[in-house]
Amino acid sequence: AGAAVPEHAMQFELAAPAARVWALLADFGAIARWWPADAPAPIVRVELDGHGVGMVRRIHNAGMPAPVLERLDLCDAEDRRLVLSIVGDRPLDLSGYVAEGRVVPLDAARCRLDYRAVFTVDPARTDSVRRALGRTWELMARGLEAAARG
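Here goes a summary of the coordinates provided. (Residues numbered from 1 in each chain as written. Predicted model: local features only at pLDDT ≥ 70, side-chain atom pairs only at ≥ 80, totals over all residues. Heavy atoms only, no water.)

### Points about the overall build of the protein chain
Inference 1: Looking only at helices and strands, the protein chain has three helices and seven strands in total.
Inference 2: Reading the secondary structure of the protein chain in the N-to-C direction produces β-α-α-β-β-β-β-β-β-α.
Inference 3: Its C-alpha radius of gyration of 15 Å places the protein chain within 12% of the 15 Å reference for a compact globule of 150 residues.
Inference 4: Dimensions along the principal axes, computed over C-alpha positions, put the protein chain at roughly 50 × 30 × 30 Å.
Inference 5: Buried residues in the protein chain amount to 41% of all 150 residues. (Helix = DSSP H or I, 4+ residues; strand = E, 2+ residues; numbered from the N terminus. Rg over C-alpha atoms; globule rule 2.2 N^0.38 Å. Buried < 20%, exposed > 50% of the residue type's maximum accessible area, 1.4 Å probe, protein only.)

Structure below.
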C-alpha cells in the first residue's frame, strides 16, 4: 500500500506572553524542563547531539522501547518559528514527519501556538496518528503555558 501524505494542524491559545513561550520552544535541547511530568509517557532524559540548527535531541520516555530523535531544521527568532523532523526509528509507524510551530502574540499576556505537521503513514493509520498527534500537541501546549507563566 502507498503511504498517505496527510497534514495535521492545530492552534492553541496560551495565557502567557509570546516572548516567554518562544524562549522555551526555541531552547530545543531543554524540552524536559517544560514537558508535563504527568504525561502518559513522561520524559526520563534527553540526550543532545550538536547545537543549533541541525542538532538532534534524543527524547527517552518512560515505558517506551526507544528514544524519539528530533532534528531541529529551522529556528527563526524573528518570526518565532521552529521546524523539526523526527529521524531514525519513528513512533506510531510513521515513515516521515516534519512539524512547524509558530508563536503568535495576541496581546501582552497571551499568545497562540500554531502547530502543523506533514507525515507519512499507512493510510489505514492516518486517523489514529492524527488523534495521537493531537494528544501530544495538547500536552506540549499545556507544558509551555505552565512553564511560561512560571
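### A closer look at the sheet that holds strand E3 (residues 56–61)
Inference 1: Spatial ordering of the open sheet is given by E1-E7-E6-E5-E4-E3-E2, a layout of seven strands whose pairing is antiparallel. Looking at the sheet topology across the chains shown, the edges are occupied by strand E1 (7–14) and strand E2 (43–49). Between one strand axis and the next, the sheet turns through 20 degrees on average, direction left out of account.
Inference 2: Direction of pairing for E2 relative to E3: antiparallel, over a ladder of six bridges. When the sheet's bridge partners are listed, valine 46 is paired in E3 with isoleucine 59.
Inference 3: Across the sheet, helix H1 (residues 18–26) lies against E1, strand E4 (68–76), strand E5 (81–87), strand E6 (96–107) and strand E7 (110–120), angled at about 160 degrees from E6, the strand it touches most.
Inference 4: Together, E1, E6 and E7 form the strand contacts of helix H3 (residues 126–149), whose direction differs from that of E1 by roughly 25 degrees. (Pairing = 2+ DSSP bridges. Axes fitted to C-alpha atoms, helices over the stretch in contact; angles between N-to-C directions. Contact = heavy atoms within 4.5 Å.)

### Re the environment of threonine 126
Inference 1: Within the element layout of this structure, threonine 126 appears in helix H3.
Inference 2: When its relative accessible area of 9% is taken as the criterion, threonine 126 is described as buried.
Inference 3: When the C-alpha positions of threonine 126 and alanine 32 are compared, they lie 28 Å apart, and in sequence the two are 94 residues distant.

### Quick word on H1
Inference 1: Of all the residues in H1, the buried ones are Ala18, Val21, Trp22 and Leu25. Around the axis of H1, the buried residues are gathered within 100 degrees of arc, so they sit on the same side. (Arc of directions from axis to C-beta.)

### Brief notes about the side chain of serine 85
Inference 1: With respect to the helices and strands, serine 85 occurs in strand E5.
Inference 2: Residue class for serine 85 comes out buried when judged on its relative accessible area of 6%.
Inference 3: Within the local environment of serine 85, its side chain forms a polar contact with the side chain of aspartate 73, the two groups lying 2.4 Å apart.
Inference 4: Leave out the neighbours within four places in its chain, and serine 85 touches Leu69, Glu70, Arg71, Asp73, Tyr97 and Val98. (Polar contact = N/O pair within 3.5 Å; in protein donor to acceptor, adjacent residues only side chain to side chain.)

### With respect to the packing of aromatic side chains
Inference 1: Throughout the structure, instances matching the rule amount to two aromatic pairs.
Inference 2: Between tyrosine 115 and tryptophan 137, the ring centres sit 4.8 Å apart and the planes meet at 70 degrees, which makes this aromatic pair edge-to-face. Here tyrosine 115 is found in strand E7, whereas its partner tryptophan 137 is found in helix H3, with 22 residues between them in sequence.
Inference 3: You can call tyrosine 115 buried: its relative accessible area is 6%.
Inference 4: When the ring centre of phenylalanine 28 is taken as origin, the NZ or CZ atom of arginine 57, which lies over that ring, is 3.8 Å away. (Phe/Tyr/Trp six-rings, centres within 6.5 Å; stacked < 30°, edge-to-face > 60°. Lys NZ or Arg CZ within 6 Å of the ring centre and 35° of its normal.)

### Structural notes on a nonpolar patch on the surface
Inference 1: Taken together, the side chains of Val5, Val98 and Val118 define a hydrophobic patch exposed on the protein surface, amounting to about 230 Å² of accessible area.
Inference 2: Looking at where valine 98 falls in the secondary structure, it is placed in strand E6.
Inference 3: Taking relative accessible area as the criterion, valine 98 reaches 35% and is therefore assigned partly exposed. (Patch = residues over 30% accessible without salt bridge, like charges linked within 9 Å, V, L, I, M, F, W, Y side chains within 5 Å. Areas by Shrake-Rupley, 256 points an atom, 1.4 Å probe, with all protein chains shown as cover. Salt bridge = Lys/Arg side-chain N within 4 Å of Asp/Glu carboxyl O.)

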